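Commentary on secondary and tertiary structure
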Amino acid sequence: MDDVLKELTRVLEGACGEVDVRLEAFLADPNDIETIHKLRISIRTLRSLLAFASPFLKRRRHRLLQADLRSVVIETSRLREYDVMLRDIRALNMPCGELVEKIGELRALERNRVVDVMRGRHTQRALARVRRRVGLLPWKESVRKRGVSRDDVLAVFDELVRVVDEGYGAVDRSDADAVHTLRKRSKRVRYVGEAFGELLGPGAVSEGARMKGVQDELGDVCD
């Protein structure tokens, strides 16, 4: 059981370190649209992995971790939206020079703002708190006493998969919010299956890969 907690901790610490790496890459080259995209993915991944581990964590401490991470990633949303708009407009293969130029100007302004925010006190303090709390994960007292078994984490993962599969069959595809929520849940399964493969086994890895298809299909619906 101690080995399970150690593996949960190892993966979460690795995901936390990935956020730092991606933030440094973005600040080094904020003009590269992939650097902001990968930073956002790294934060979403860490949030998903923490949510997966949340049944074993003290509730209030977990909420504080999520609040800090959300306060950082939300600052990057508009910049990513500009990048997606530019990508989609260029894919039309139509004369849209003035529109592309205008969005490019707005992106440049937003890029500068995001760089300032990412270098600023709030972001640095928020991520420092996350690093500290992930380094000393706030396990529930019952977890500290009895530990966590592999069956325990498998049960949590199976529930994640069940919720997505049931939702996929029942979701109203004209309801944008419901589709978006389900897509986020499918991403969570994917991230967890990929990151905790050694702990959960090959079945979880396969489920994570399957969720990529679900995620893409729901993304097409959202678009």
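In short, a report on the structure. (Residues numbered from 1 in each chain as written. Predicted model: local features only at pLDDT ≥ 70, side-chain atom pairs only at ≥ 80, totals over all residues. Heavy atoms only, no water.)

Here H62 lies in helix α3 (residues 59-73). What makes H62 buried here is its relative accessible area of 12%. Look past the residues within four positions of H62 in its chain and what remains in contact with it is L50, A51, S54 and L57. (Helix = DSSP H or I, 4+ residues; strand = E, 2+ residues; numbered from the N terminus. Buried < 20%, exposed > 50% of the residue type's maximum accessible area, 1.4 Å probe, protein only. Contact = heavy atoms within 4.5 Å.)

For the pair helix α1 (residues 2-28) and helix α2 (residues 33-53), interaxial distance at closest approach is 8 Å and the crossing angle is 160°. Relative to α2, the element α1 is oriented roughly antiparallel. Classified by chirality, the crossing of α2 by α1 is left-handed. Along its contact with α1, which presents L8, V11, L12, A15, C16, E18, V19, R22, L23, A25 and F26, the element α2 presents T35, I36, K38, L39, S42, I43, L46, L49, L50, F52 and A53. Considering only residue class, the contact of α1 with α2 consists of 17 nonpolar, two polar and three charged. (Axes fitted to C-alpha atoms, helices over the stretch in contact; angles between N-to-C directions. Parallel < 35°, antiparallel > 145°, perpendicular 65-115°, else oblique. Left-handed = near helix turned anticlockwise from the far one by under 90°. Nonpolar A, V, L, I, M, F, W, Y, C, P; charged D, E, K, R; others polar.)

Attention shifts here to the side chain of T35. Mapped onto the secondary structure, T35 falls in helix α2. A polar contact is formed between the side chain of T35 and the backbone oxygen of D32, at a distance of 2.7 Å. If near-sequence neighbours (up to four positions away) are discounted, T35 is found in contact with R22, A25, F26, D29 and P30. (Polar contact = N/O pair within 3.5 Å; in protein donor to acceptor, adjacent residues only side chain to side chain.)

On inspection of all chains with the given rule, the structure shows 17 salt bridges. For the salt bridge of E7 with R10, the shortest nitrogen-to-oxygen distance reads 2.7 Å. With E7 and R10 both in helix α1, this residue pair falls three residues apart, about one helical turn. E7 sits in the buried class, given a relative accessible area of 14%. Using a relative accessible area of 45% as the deciding quantity, one classes R10 as partly exposed. (Salt bridge = Lys/Arg side-chain N within 4 Å of Asp/Glu carboxyl O.)

What follows is about the nonpolar core. One recurring pattern in soluble globular proteins is that nonpolar side chains are buried together. Counting 56 residues, the largest nonpolar core has L8, F26, L46, F52, V153, F196 and L200 as the members making the most contacts within it. Looking at this core, the element that brings in the most residues is α1, giving eleven residues. Apart from residues lying up to four places away in sequence, F26 is in contact with T35, I36, L39, L79, V114, V115 and M118. Core analysis: the second largest hydrophobic core is formed by six residues, Y82, I89, C96 and I103 among them. (Core = buried A, V, L, I, M, F, W, Y, C linked by side-chain atoms within 4.5 Å.)

On the surface, R70, K184, R185 and R188 cluster together into a positively charged patch. Tallying contributions element by element places helix α9 (residues 176-195) first for the positive patch, with three residues. Looking at the element boundaries, R185 is found in helix α9. (Patch = residues over 30% accessible without salt bridge, like charges linked within 9 Å, V, L, I, M, F, W, Y side chains within 5 Å. Areas by Shrake-Rupley, 256 points an atom, 1.4 Å probe, with all protein chains shown as cover. Lys, Arg positive; Asp, Glu negative; His and termini not counted. Charge placed at Lys NZ, Arg CZ, Asp CG, Glu CD.)

Its 15 residues give α3 an end-to-end C-alpha distance of 21 Å, which sits within 8% of 21 Å, the value for a rise of 1.5 Å per residue. Three or more residues of α3 are buried, namely H62, L65, Q66, D68, L69, S71, V72 and V73. The inward-facing, buried residues of α3 contact α2, α4 (77-91), α5 (97-119) and α6 (121-135). (Expected span 1.5 Å × (residues − 1).)

What follows deals with the packing of aromatic side chains. Considering all chains together, one arrives at one aromatic pair under this definition. Relative to F196, the ring of F52 lies with its centre 5.3 Å away and its plane at 40°, an arrangement referred to as tilted. Taken together, the residues F52 in helix α2 and F196 in the loop between α9 and α10 (197-200) connect sequence positions 144 residues apart. For the pair F52 and F196, a shared accessibility class is recorded, and that class is buried. When the ring centre of Y168 is taken as reference, the NZ or CZ atom of R173 above it lies at 4.8 Å. (Phe/Tyr/Trp six-rings, centres within 6.5 Å; stacked < 30°, edge-to-face > 60°. Lys NZ or Arg CZ within 6 Å of the ring centre and 35° of its normal.)

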